[in-house]
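Observations on chain architecture
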Amino acid sequence: MYNASTLLQFLIGGISVGCIYGLVGVGFSVLYNASGIINFAQGGFVMLGGMVTYVLYSLVGLPLIAAMIAAIAFVALLGLVIEWTIIKPLRQRSASVFIMILATLACQILIENAALHLIDDKPHSLPYFTPGPPLQYAGIAIGLQTLWIIGVSLLIVFLLGLFYSRTQFGRAMRACAINPEVASILGMRVERMVASGFLLSAALGAIGGILITPTQYTAFFVGVPFTVSGFVAAIIGGLGNPLGAFIGGIVLGVLQSAGAVFIDAGYKNVVAFGVLLCVLFLRPQGFFKSLVE
Amino acid sequence: MREAALLRSQGLSASYGHVEVLKPIDIHVAPGEFIAILGPNGAGKTTLLKAIMRLIPSQGELMFDGQSIVNTPTWALADLGMTLVPESRMIFGPMTVLENLQLGAYSRPGADRAAVNADFEAVLKLFPKLSQRLDQIAGSLSGGEQQMLAVGRALMVHPRLLLLDEPSLGLAPRASSEVFQALGQLNQQGLTILVVEQKAPLALSLAHRAYVMHTGQIIATPDPKDIASRDALAHLYLGDIQ
Ligand SMILES: Nc1ncnc2c1ncn2[C@@H]1O[C@H](COP(=O)(O)OP(=O)(O)O)[C@@H](O)[C@H]1O
Ligand SMILES: [Mg+2]
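Note that the structure is predicted; figures quoted are calculated from it, not measured. Per chain, the residues get numbers from 1 upward, laid out in the order the sequence is written. The order in which chains are written sets their letters, starting at A; the order in which ligands are written sets their numbers, starting at 1. Where local features are concerned, this predicted model is filtered to residues with pLDDT of at least 70; where side-chain atom pairs are given and counted, the filter is 80 or more; whole-chain, interface and lining totals use all residues. Just so you know, side-chain values use all the structure's heavy atoms and leave hydrogens and water out.

1. Considerations on the overall build of chain B
Each helix is a run of DSSP H or I of at least 4 residues and each strand a run of E of at least 2, with the numbering of both proceeding from the N terminus. In terms of helices and strands, chain B carries nine helices and 10 strands. For this measure, only C-alpha atoms enter the radius of gyration; the expected value for a globule follows 2.2 Å times N^0.38, where N is the number of residues. Taken against the 2.2 N^0.38 rule, which gives 18 Å for 242 residues, the C-alpha radius of gyration of chain B at 18 Å falls within 12% of a compact globule. When the backbone C-alpha atoms are referred to their principal axes, chain B occupies close to 45 × 40 × 35 Å. Evaluated residue by residue, chain B yields a buried proportion of 52% over its 242 residues. In chain B, the share of contacts with a sequence separation of at least 24, taken over all contacts with a separation of at least 6, comes to 69%. Residue exposure ignores everything except the shown protein chains as possible cover, and the areas themselves are Shrake-Rupley values with a 1.4 Å probe. Roughly 10,600 Å² of accessible area belongs to chain B as shown, and the carbon and sulfur atoms make up 54% of that amount. The sign given to each residue is positive for Lys and Arg and negative for Asp and Glu; His and the chain ends receive no count. The atoms used to mark charge sites are NZ of Lys, CZ of Arg, CG of Asp and CD of Glu. With 19 positive and 22 negative side-chain charges, chain B shows a separation of 2 Å between the mean positions of the two kinds. For every residue, the accessible area obtained with a 1.4 Å probe (protein chains only) is divided by the maximum for its type, and the residue is called buried under 20%, exposed over 50%, and partly exposed between those limits. Here, residues are in contact when the closest pair of their heavy atoms is within 4.5 Å.

2. Points about the coordination of the magnesium ion (ligand 2)
Residues and elements named next belong to chain B. Only nitrogen, oxygen and sulfur atoms qualify as donors, and only when within 2.8 Å of the metal (3.2 Å in the case of Na, K and Ca); with water excluded, sites may look incomplete. Every protein donor of the magnesium ion (ligand 2) is listed here as Thr 46 (OG1) and Glu 87 (OE), and their distances to the metal cover 2.0 to 2.6 Å. Taken together, the positions of Thr 46 in helix α1 (residues 45-52) and Glu 87 in the loop between β6 (82-85) and α3 (97-104) put the pair 41 residues apart, joining distant regions of the chain. Judged by relative accessible area, which is 23%, Thr 46 ranks as partly exposed. For Glu 87, a relative accessible area of 27% gives the class partly exposed.

3. What to know about the domain arrangement of chain B
Residue and element names in this part refer to chain B. Assigned domains within chain B: domain 1 (1-81 + 160-242) and domain 2 (89-158). Placing the centre of domain 1 and that of domain 2 at their C-alpha centroids yields a distance of 23 Å. On the domain 2 side, the residues contacting the 17 residues of domain 1 number 14 residues. With both sides pooled, the region where domain 1 packs onto domain 2 buries about 1,100 Å², and carbon together with sulfur makes up 70% of that total. One side-chain nitrogen of Lys or Arg within 4 Å of one carboxyl oxygen of Asp or Glu is enough to make a salt bridge. Our count for the domain 1 to domain 2 interface comes out at one salt bridge. In this structure, Glu 178 and Lys 129 form a salt bridge, with 3.4 Å as the shortest nitrogen-oxygen distance. Where each domain starts and ends follows an automatic or database-derived domain assignment. Buried surface area refers to the total accessible area, computed with a probe of radius 1.4 Å, that the two partners give up upon joining, counted for both partners together.

4. Points about the pairing of strand β10 (residues 217-220) of chain B
All names here are of chain B. Strand pairing follows a simple DSSP-based rule, namely that at least 2 bridges must link the two strands. Where strand β9 (residues 209-214) meets β10, three bridges bridge the pair, whose relative direction is antiparallel. The residue bridging Val 212 from the neighbouring strand is Ala 220, located in β10. Hairpin connection between β9 and β10: a loop of two residues separates the two successive antiparallel strands, and Thr 215 in this loop has a positive phi of roughly 40°.

5. Things to note about the site of ligand 1
Residues and elements named next belong to chain B. What surrounds ligand 1 is the set Tyr 16, Val 21, Pro 40, Asn 41, Gly 42, Ala 43, Gly 44, Lys 45, Thr 46 and Thr 47. Polar contact is defined as a pair of N or O atoms within 3.5 Å, subject to the rule that within protein one atom must be able to donate a hydrogen and the other to accept it, and that residues adjacent in sequence are counted only when both atoms are side-chain atoms. Interatomic distance of 2.7 Å between a backbone N/O atom of Gly 42 and an oxygen atom of ligand 1. The separation between an oxygen atom of ligand 1 and a polar side-chain atom of Lys 45 is 2.8 Å. Computed on the free molecule, ligand 1 has an accessible area of 560 Å², of which 57% lies beneath the protein chains in the complex. Ranked by residues supplied to the shell around ligand 1, first place goes to α1 with three residues. Near residues are defined by distance, with any heavy atom within 4 Å of the molecule or strand qualifying the residue.

6. Here we look at the pattern of salt bridges
Side chains that differ in sign of charge can pair as their charged atoms come close. All names here are of chain B. On inspection of all chains with the given rule, the structure shows 11 salt bridges over all chains. In this structure, Glu 166 engages Lys 45 in a salt bridge whose closest nitrogen and oxygen atoms are separated by 3.9 Å. Of the two residues, Glu 166 is situated in the loop between β7 (161-165) and α7 (173-188) and Lys 45 in helix α1; the sequence distance between them amounts to 121 residues. Of the two residues, Glu 166 and Lys 45, neither departs from the other in class, the shared state being buried. Residues participating in the shared-partner salt-bridge network are Lys 129, Arg 174 and Glu 178.

7. Some thoughts on the sheet that holds β6(B)
All names here are of chain B. The sheet built from six strands is open, its strands ordered β6-β7-β8-β3-β9-β10 with mixed pairing. Either end of the sheet is taken by a strand with one partner, and the two such strands are β6 and β10. Between one strand axis and the next, the sheet turns by 25° as a mean value, whatever way the strands run. Bridge count between strand β3 (residues 34-38) and β9: four bridges; the pairing is parallel. Each residue of the ladder has a partner; that of Ala 36, found in β9, is Ala 210. A fitted line through C-alpha atoms represents every axis, and for helices the fit uses only the stretch in contact; the resulting angles, taken between N-to-C directions, go from 0 to 180 degrees. Most of the contacts of helix α6 (residues 143-155) go to β6, to which it runs at about 170°, and overall it touches β6 and β7.

8. Re the interface of chain B and chain A
Contacts between the two partners involve 22 residues from chain B, matched on the other side by 23 residues from chain A. Summed over both sides, the interface of chain B with chain A buries roughly 2,000 Å², with 67% coming from carbon and sulfur. Contact with chain A buries area across many residues of chain B, yet B:Trp75, B:Phe92 and B:Tyr106 alone supply 36% of it, more than any other trio. At the junction of chain B and chain A, the tally comes to two salt bridges. The closest approach of N and O atoms between A:Glu181 and B:Lys50, which form a salt bridge, is 3.6 Å. Counting the contacts that link chain B with chain A gives four residue pairs in polar contact (both at pLDDT 80 or more).

Structure below.
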């Protein structure tokens, strides 16, 4: 009932959206590595990436590329502000990680409501980065934006790998995650790593949101599903393992796509939560070796 | 009065909750000295080192190189010239040997590259075993090699004062004596060393002076060259075992 090219078409769609889940999952892992915090506002950063780009491009009239860069910078800065105003004071009072995670959930709600009231409640889209008809090959159509999504995601994961292994600051972020006390004895400032983790993960979320908006839409409410999918991706990959999270995202995207083909498109989140529960029951440490453990 | 000591504590005390684990402690370490702090398990030796490294809150005065460090954050001490080889080594296990050593030089500015490279060569010369294992995951090293890596990583800070917490802990006798031999060499090259140890003979064979801690206090300052005080130490440990 399904021919090979239809299935392949769905597979590519799954990989494409899976790259975005992957980027969000990488954001979770980067921050978890730096701080032990799971940031439930991560989906909010994805939503803001798309929404702020929309505002700057469609309402302010900036060129698309300028709007995108400004939106990424804005969201990254917001990540820093959240760290300064909420997480840092909590850390200084030795609040438990649980309290800090709850605080990020509150941030998600704040971000969502700010977007609703300051922008609007309607869905918006962005143009494809490069206009043109999809590439046709053997009965499969691959949209140009899909190529952008996959290409940019892979590039970012590659650059992140270089950052963690080749730069002294990246190595220090890993060291602070492994043993903050020893890291400080050697002169590393652990609280800076936490701030950098927020900055980096917020930027990753924004990039994901910008990449996907042209193929779907963005609206104030799209954040939470991305939080869920990104979190599942990070869990599949073994929390704290950025590369694992990215692969986990692709796995999840493909499974969701398969669910849409074989069951029903409405079962997306059922698939996501189902995968989450299975991983938590069967292999809570994830399927990939962590950088930390 | 000019401060001659590199490190000096005056009435340094610390508590966990309501328990005063460190009673007011006065110690000093002069430049070039090799000082041993001895004492049984639970005496408060690690707590003293943590207080010196500003890892736990404490009361009293603490001076490094004539400057108070009571309000100095831990991360800034490396830059001042003091670092610690922590108890049970605490190398960054999932990272390579090379990465561990590179991270030791974290606080040093990029302009110091030549000096950092010189220290790197010096560490490999001091511990030739490490040079064959630079790309190996640090967690897969033997206990003795991990201790060498922990000392090497601390040397990459280029400290003037090196603190060590029980470097012989969990090591085979041969590995411990290798590590202490290296510490002796470093001291002869001018590095000031403060080492905490339970294995008194090993530490006393190198130390210029020693402090003995018990229940959070300094209870004796034996002369390492004096055999009688070594015997007295042995009695102290026996007393503790029972
Ligand atoms: N984090 C802690 N919380 C409460 N008590 C502690 C803690 N760490 C150490 N202690 C207690 O402080 C005392 C001194 O410990 P420590 O400094 O580790 O001794 P040592 O290094 O000489 O073996 C011990 O009685 C120990 O039980
Ligand atoms: Mg101890």
